[in-house]
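Listed below are the residues making up each chain.
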Amino acid sequence: MTMTSTQRSMRFIHILVLLATWFFCLPALLHAVSICNGDTDTTATPSLTWFSGRRIVHAPQADLFQPRTGLLKYFDSEGLRIEVGYGIEPLHYRIDSTRELAVGGSFYAFGQIESVGPLILQLLAADAFFGGYVAYRQQLSERSSWLGQVILGHISSHFADGRWDYTRGIWRDSLLPFGSSRDFLTLWGEYQYGAWRGYASSRYAFQIRPRLNRWQWQVGAEVAPENAFARHITPYCSVDLKYMNPQSAFLPTLVVQSGVKFGPWRGQGINVYLLGYTGNNFYGLLFNERIQFGAIGFKLDL
């Protein structure tokens, strides 16, 4: 079967993102192999800690599928996106002064809220995620580091009562609720140098309903000069590009988020931001819908 120019372009992009993922992950994987071979810093004593409160994995700001807790207000509608999520790393194993392993997990739900009266809100749609990961971090220098993750997760999608038209007795837009879920494995890699971070990931859904494209590709970058204005006030800009379209055409999803974090950059605080989005709807039951919007939001970094 002859491939179209769009299909060839899509395959080329897939290969590039896969290579980028391995580029970010390979150093971490090689260092992990060296651990098995006993190649560690003998001047440092390995240590195992439980519930230390630290984290070596920090989600990119513009990735809307990572745990967030906050609100997003669209400029062009009355709708809100509400987000409730949290992650924890209960186990850390410090191999030596520059290498560390962590085991963690997270729970996350986000939903579409619509105002139907003064102080009265309805939930239209919601997606829920839970998963766990093993991460390996290698400090390369005082300013640079590699990080690799293997993530196992589940996400399910749902319509809520807000999409039911009580006056007509039908679902809005004639869209009926159906079973939608994904169980997936993700290979994630990132490199950080100073205030800059770049990352890439490849995700494969080994169980998916309905039967859609099983692969998702992602690349992104972020810059955050810590304490640029004052102590614990950090401006940032984050860009995330995904291919998650279930259709055959290459239609990526782009998110740009820029804001200010009040509090330690890698700690608790309040995050106020502007966001631009163009791409597939992030609610699983509306996956075929292409949307574009600007928004203002805040989130609590817990």
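Residues numbered from 1 in each chain as written. Predicted model: local features only at pLDDT ≥ 70, side-chain atom pairs only at ≥ 80, totals over all residues. Heavy atoms only, no water.

1. Topic: the pairing of strand β6 (residues 144-159)
For β6, the tally of buried residues reaches 13 of 16 residues, placing the bulk of the element in the interior. Examined bridge by bridge, strand β5 (residues 120-139) and β6 share 15 bridges and lie antiparallel to one another. Note that in β6 the partner of Asp 127 across the bridge is Ser 157. The turn linking β5 back onto β6 is made up of 4 residues. Pairing geometry for β6 and strand β9 (residues 180-193), over 14 bridges, is antiparallel. Within β9, the residue paired with Leu 147 across the bridge is Glu 190. (Buried < 20%, exposed > 50% of the residue type's maximum accessible area, 1.4 Å probe, protein only. Helix = DSSP H or I, 4+ residues; strand = E, 2+ residues; numbered from the N terminus. Pairing = 2+ DSSP bridges.)

2. As for the packing of aromatic side chains
Within the structure shown, the criterion is met by 17 aromatic pairs. Between Phe 65 and Phe 110, the ring centres sit 5.9 Å apart and the planes meet at 85°, which makes this aromatic pair edge-to-face. With Phe 65 in the loop between β1 (47-50) and β2 (70-74) and Phe 110 in strand β4 (residues 99-117), this pair connects stretches of sequence that are 45 residues apart. Taking relative accessible area as the criterion, Phe 65 reaches 18% and is therefore assigned buried. Among the residues examined, Phe 110 registers a relative accessible area of 2% and is labelled buried. Both rings, one in Tyr 108 and one in Phe 110, keep their centres 5.5 Å apart while their planes meet at 45°; by these two values the pair is tilted. One Lys or Arg, Arg 81, reaches over the ring of Phe 282 and ends 4.6 Å from the middle of that ring. Lying across the ring of Tyr 193, Arg 143 places its NZ or CZ 5.1 Å from the centre. (Phe/Tyr/Trp six-rings, centres within 6.5 Å; stacked < 30°, edge-to-face > 60°. Lys NZ or Arg CZ within 6 Å of the ring centre and 35° of its normal.)

3. Some points on the nonpolar core
Membership of the largest hydrophobic core comes to 29 residues, with the highest contact counts inside it found for Leu 72, Tyr 74, Leu 275, Tyr 277, Phe 282, Tyr 283 and Phe 293. Sorting the residues of this core by element identifies β2, β4, β5, β6, β10 (196-209), β14 (269-280) and β15 (290-301) as the ones contributing at least two each. Excluding anything up to four places from it in sequence, Phe 282 contacts Leu 64, Phe 65, Tyr 74, Arg 81, Phe 110, Asp 127, Tyr 277, Ile 291 and Phe 293. The next biggest cluster of nonpolar side chains, apart from the first, holds 9 residues, and it includes Ala 102, Ala 135, Ile 151 and Trp 188. (Core = buried A, V, L, I, M, F, W, Y, C linked by side-chain atoms within 4.5 Å. Contact = heavy atoms within 4.5 Å.)

4. Some thoughts on the environment of Arg 197
Note that Arg 197 resides in strand β10. Along the sequence, Arg 197 and Pro 60 sit 137 residues apart, while their C-alpha atoms lie 8.9 Å from each other. At 2.7 Å, the side chain of Arg 197 forms a polar contact with the backbone oxygen of His 58. (Polar contact = N/O pair within 3.5 Å; in protein donor to acceptor, adjacent residues only side chain to side chain.)

5. Quick notes on the side chain of Asp 301
Considering the arrangement of structural elements, one finds Asp 301 in strand β15. We classify Asp 301 as buried; its relative accessible area is 14%. For Asp 301, the side chain forms a polar contact with the side chain of Lys 299, separated by 3.0 Å. Here Asp 301 is in contact with Lys 261, Gly 267, Gln 268, Gly 269 and Asn 271, once residues within four sequence places are set aside.

6. A few points about the confidence of the model for the chain
Summing up the model confidence of the chain, the mean pLDDT is 83 and the portion of residues at 70 or higher is 78%. No element of the chain has a lower mean pLDDT than helix α1 (residues 5-36), which averages 54, and none a higher one than strand β13 (residues 253-262), which averages 95. (pLDDT = per-residue confidence, 0-100.)

7. Considering the pattern of salt bridges
Applying the stated criterion across every chain yields a total of 11 salt bridges. A salt bridge links Arg 94 to Glu 100; its shortest N-O distance comes to 3.3 Å. For Arg 94, a relative accessible area of 31% translates into the label partly exposed. Two residues, Lys 299 and Asp 301, come together in a salt bridge whose shortest N-O distance is 3.0 Å. Several salt bridges converge on common partners, so that one network encompasses Arg 54, Arg 94 and Glu 100. (Salt bridge = Lys/Arg side-chain N within 4 Å of Asp/Glu carboxyl O.)

8. Quick notes on the side chain of His 154
Locating His 154 in the fold gives a position in strand β6. We classify His 154 as buried; its relative accessible area is 18%. Among the polar contacts listed, one links the side chain of His 154 to the side chain of Asp 183, at a separation of 2.6 Å. For His 154, the residues in contact, after removing those within four places along its chain, are Ala 128, Phe 129, Phe 130, Ser 181, Arg 182, Asp 183 and Phe 184.

9. Describing the environment of Tyr 204
Locating Tyr 204 in the fold gives a position in strand β10. Classification of Tyr 204 by relative accessible area gives partly exposed; the value is 32%. Separated by 19 residues in sequence, Tyr 204 and Leu 185 place their C-alpha atoms 5.4 Å apart. Not counting residues within four places of it along the chain, the set of residues in contact with Tyr 204 comprises Asp 183, Phe 184, Leu 185, Arg 214 and Trp 215.

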